Amino acid sequence: MALGRTPLAAAIKALRAELAGGPHADLGQEVSELGSLLLQRELRRFATVRDPAEQELLASLPDAAAVVAVDGRVRVCNAAFDALSASGRAAGLTSLEVTRSGELSEAMRRALEGSARRLELELPHRALSVHLTPLLRGEVLCLVRDVTEERRAAATRRDFVANASHELRTPVAAIRGAAETLLAGALDQPETARGFVEIVHRQAERLSRLTQDLLDLSRLESRQWRFEVAPVDLTPLGRQVDELHGPSARKKGLELRVAVPEGITVMADGRALEQVVVNLVDNAIKYTPSGSVELRAVSSGGEAVLTVTDTGPGIEPHHLARLFERFYRVDSGRAREAGGTGLGLAIAKHLVQGMHGQIDVESGAEGTRFRVRLPAA
Ligand code: ADP
C-alpha cells in the first residue's frame with residue numbers, strides 16, 4: 001500500500017502491522033526521512049555516551065581496541081588505541097585519520113555494513129594485525145595488534161635458515177667433488193690423491209666449525225646457554241692466549257703482545273670469556289697481514305676493559321654497525337678463504353651481553369680495536 005503524503009498515524013499503523021509479521025509497509029518519502037533523522041539523532045546521542053563499564057572492558061584488553069560508531073569515528077577506545085594516532089588521541093577520529101591506511105578505511109566501511117573483517121596492514125614502520133567485528137547498533141569493534149616484532153623475528157629465522165644452508169652447501173659440495181674425483185680414479189695415483197684427501201679434510205674441519213658455531217648461536221639465542229658468572233682472574237687467560245696464539249702469530253710474522261697485569265678479576269663465565277677473547281685474537285691474527293696484535297687488560301672504575309688491537313688494514317666505517325650480525329662479513333671471499341664462519345662476532349656479542357658486559361669496535365687506517373667491558377669482581 002503506497003502512503004504518499006498520508007498522515008503519520010497511517011504510517012505508524014502500517015509499520016506496526018509489518019513488525020507484527022504483516023506485509024512490507026511502504027512509508028513514503030517524508031515519513032522515511034523522518035525515521036532516518038530520528039535514528040541519526042538517537043545514534044548521535046549514543047555516540048557521546050561514556051559508559052564506564054565499556055571503558056573498563058576496553059582497558060582490560062591486551063590489544064589496542066576501539067568501538068567505531070556508525071559514522072566511522074572512534075567513539076571510545078583504550079590507551080593503546082590512542083597511541084596508534086600521531087596526536088596520541090583517537091576518539092572522534094576515523095580509522096583513516098588514526099592509521100592513514102586506505103585499506104583499513106575500506107575494510108571499516110564494509111564492517112560498518114555488517115561484515116566481519118580481518119586484515120594485516122604493512123605500514124611504513126610497523127605491521128598491524130586488525131580484527132573488525134560488527135556489533136549491535138551498527139557499531140564496529142576494532143582490535144589492533146602490533147605484530148612488527150613477530151614479523152621481524154620470523155623474517156630473521158627465514159634468513160638464518162637460508163644463510164646457514166648456503167654456508168653448509170659450499171663445503172659439502174667440495175667434499176663431494178673431491179670424493180667423486182678420488183673414486184673416478186685419482187685414488188690410484190697417490191700423488192694426486194693426497195691433494196684431494198687434503199681438500200676433504202680441510203672442508204670437513206670447516207663443516208665442523210660451522211656446525212659448532214651454529215649450535216652455540218642457537219643455544220645462546222634460545223637462552224639455553226647457562227652462564228655461570230663468578231670472579232675470574234685474567235692473568236691465566238692472558239697466559240693461555242700467549243700459548244695458544246703465539247705460534248700462529250709467529251708463523252705469519254706477527255708480533256703477539258699480551259699485557260694483562262696481575263690482579264684484575266672480573267665477574268664472568270670463565271669458559272665464555274675465554275671463547276670471546278680467543279675469537280677476537282684469532283680474528284686479529286687472521287685479518288692482519290703484518291705488524292702486531294695486542295691483548296691488553298686494564299681496570300677502570302667498577303669495570304675491567306679488555307682490548308684486542310691489531311695493525312691490520314682496518315674496517316671501513318659503513319661496515320661497523322653490522323659487524324656483529326651473524327654471517328656478516330666485510331669481504332666475504334677473503335673471510336671464507338681465511339676459514340671464517342661469519343658467526344664468531346655474533347657469538348662473542350651474545351656471550352659478552354650474557355655476562356652483563358659490552359663489546360664494541362673501533363677501526364681506522366692503522367688497524368682495528370675490539371673492546372670488551374665487564375663488571376669488576
Ligand atoms: P669470521 O668467522 O668470518 O671471521 P666473524 O663474525 O668473526 O666472522 O667476523 C665477521 C667479519 O668481520 C669477518 O668476516 C671480517 O670481515 C671482519 N673482521 C673481524 N675481525 C676483524 C679484524 N680484526 N680486522 C679486520 N676485519 C675483521
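Residues numbered from 1 in each chain as written. Predicted model: local features only at pLDDT ≥ 70, side-chain atom pairs only at ≥ 80, totals over all residues. Heavy atoms only, no water.

Points about the site of the ligand
Part 1 of the argument: With respect to spatial proximity, 20 residues lie near the ligand, and among them Asn-283, Tyr-287, Asp-310, Thr-341 and Leu-345 are the closest.
Part 2 of the argument: One of the backbone nitrogen or oxygen atoms of Gly-342 is found 2.9 Å away from an oxygen atom of the ligand.
Part 3 of the argument: Take Gly-344: an N or O atom from its main chain is 3.3 Å from an oxygen atom of the ligand.
Part 4 of the argument: Burial of the ligand by the protein chains amounts to 96% of its free accessible area of 530 Å².
Part 5 of the argument: Residue composition of the shell around the ligand, by class: ten nonpolar, seven polar and three charged. (Near = heavy atom within 4 Å. Polar contact = N/O pair within 3.5 Å; in protein donor to acceptor, adjacent residues only side chain to side chain. Areas by Shrake-Rupley, 256 points an atom, 1.4 Å probe, with all protein chains shown as cover. Nonpolar A, V, L, I, M, F, W, Y, C, P; charged D, E, K, R; others polar.)

Some remarks on the side chain of Thr-235
Part 1 of the argument: Relative to the helices and strands, Thr-235 is located in helix α9 (residues 234–251).
Part 2 of the argument: Take Thr-235: its relative accessible area is 10%, and that puts it in the buried class. (Helix = DSSP H or I, 4+ residues; strand = E, 2+ residues; numbered from the N terminus. Buried < 20%, exposed > 50% of the residue type's maximum accessible area, 1.4 Å probe, protein only.)

Looking at the sheet that holds strand β5 (residues 140–146)
Part 1 of the argument: Taking strand neighbours across the sheet as the criterion, the five strands line up as β2-β1-β5-β4-β3 in an open arrangement whose pairing is antiparallel. Here the strands that pair on one side only, and so sit at the sheet edges, are β2 (74–77) and β3 (117–122). Between one strand axis and the next, the sheet turns by 25 degrees as a mean value, whatever way the strands run.
Part 2 of the argument: Bridge analysis of strand β1 (residues 64–68) against β5 gives five bridges, and the strand direction is antiparallel. Note on β5: the bridge partner recorded for Ala-65 is Leu-143.
Part 3 of the argument: Helix-sheet contacts for helix α6 (residues 102–112) involve β1, β3, β4 (127–134) and β5, and the interaxial angle to β3 is about 170 degrees. (Pairing = 2+ DSSP bridges. Axes fitted to C-alpha atoms, helices over the stretch in contact; angles between N-to-C directions. Contact = heavy atoms within 4.5 Å.)

Regarding the environment of Gln-240
Part 1 of the argument: Mapped onto the secondary structure, Gln-240 falls in helix α9.
Part 2 of the argument: Taking C-alpha positions, Gln-240 is 9.2 Å from Val-278, a pair spaced 38 residues apart along the chain.

Brief notes about the pairing of strand β12 (residues 367–375)
Part 1 of the argument: As paired strands, strand β10 (residues 303–310) and β12 are joined by seven bridges and run antiparallel to one another. Counted as the bridge partner of Val-308 is Phe-370 from β12.
Part 2 of the argument: With seven bridges connecting them, strand β11 (residues 358–364) and β12 associate as antiparallel partners. In the strand pairing of β12, Ser-363 is matched with Thr-368.

As for the sheet that holds strand β9 (residues 292–300)
Part 1 of the argument: Strand order across the open sheet formed by five strands is β7-β9-β10-β12-β11, with mixed pairing between neighbours. Edge strands, defined here as strands with exactly one partner in the open sheet, are β7 (255–259) and β11. Each strand of the sheet is rotated relative to its neighbour by a mean of 15 degrees, with strand direction disregarded.
Part 2 of the argument: Of the strand pairs in this sheet, β7 and β9 are connected by five bridges, and their pairing is parallel. Bridge pairing links Ala-259 to Arg-296 in β9.
Part 3 of the argument: Seen against the sheet, helix α10 (residues 270–286) touches β7, β9, β10, β11 and β12 and runs at an angle of roughly 25 degrees to β10.
Part 4 of the argument: Contacts between helix α13 (residues 344–354) and the sheet are confined to β11 and β12, with β11 contributing the most and set at about 140 degrees to the helix.

Some details on α10
Part 1 of the argument: In this model, α10 (17 residues) spans 24 Å end to end at C-alpha, consistent with the 24 Å of a helix rising 1.5 Å per residue.
Part 2 of the argument: What α10 keeps buried is the set Ala-272, Leu-273, Val-276, Val-277, Asn-279, Leu-280, Val-281, Asn-283, Ala-284 and Ile-285.
Part 3 of the argument: The N-cap of α10, judged by a side-chain oxygen 3.1 Å from the amide nitrogen of Arg-271 a few residues on, is Asp-269. (Expected span 1.5 Å × (residues − 1).)

A short note on the packing of aromatic side chains
Part 1 of the argument: Overall, the coordinates contain three aromatic pairs when judged by the stated rule.
Part 2 of the argument: Ring geometry for Trp-225 and Phe-227: centres 6.2 Å apart, planes at 35 degrees, overall tilted.
Part 3 of the argument: Judged by its relative accessible area of 26%, Phe-227 is partly exposed.
Part 4 of the argument: Its guanidinium or amino end placed over the ring of Trp-225, Arg-219 lies 4.8 Å from that ring's centre, counting from NZ or CZ. (Phe/Tyr/Trp six-rings, centres within 6.5 Å; stacked < 30°, edge-to-face > 60°. Lys NZ or Arg CZ within 6 Å of the ring centre and 35° of its normal.)

Regarding the domain arrangement of the protein chain
Where the parts come together, the accessible area they lose is often given as the size of the interface.
Part 1 of the argument: Domain boundaries in the protein chain define domain 1 (5–46), domain 2 (52–146), domain 3 (152–221) and domain 4 (230–375).
Part 2 of the argument: Computed from C-alpha atoms alone, the centre-to-centre distance between domain 1 and domain 3 is 80 Å. (Domains from an automatic or database assignment.)

Overview of the pattern of salt bridges
Part 1 of the argument: What the rule picks out here adds up to 20 salt bridges.
Part 2 of the argument: As a salt-bridge pair, Arg-371 and Asp-360 come within 2.7 Å of each other at their nearest N and O atoms. In this pair, Arg-371 is assigned in strand β12 and Asp-360 in strand β11, connecting sequence segments eleven residues apart.
Part 3 of the argument: Judged by relative accessible area, Arg-371 falls into the partly exposed class, the value being 31%.
Part 4 of the argument: It is possible to trace a salt-bridge network through shared partners that takes in Glu-255, Arg-257, Glu-294 and Arg-296. (Salt bridge = Lys/Arg side-chain N within 4 Å of Asp/Glu carboxyl O.)

Concerning a nonpolar patch on the surface
Part 1 of the argument: Together, Leu-8, Ile-12, Leu-34 and Leu-38 give the surface a local cluster of nonpolar side chains, amounting to about 340 Å² of exposed area.
Part 2 of the argument: For the nonpolar patch, the secondary structure elements donating two or more residues are α1 (8–19) and α2 (28–47).
Part 3 of the argument: As for its placement among the helices and strands, Leu-38 is situated in helix α2.
Part 4 of the argument: Residue Leu-38 is classed as partly exposed on the basis of its relative accessible area, which comes to 45%. (Patch = residues over 30% accessible without salt bridge, like charges linked within 9 Å, V, L, I, M, F, W, Y side chains within 5 Å.)

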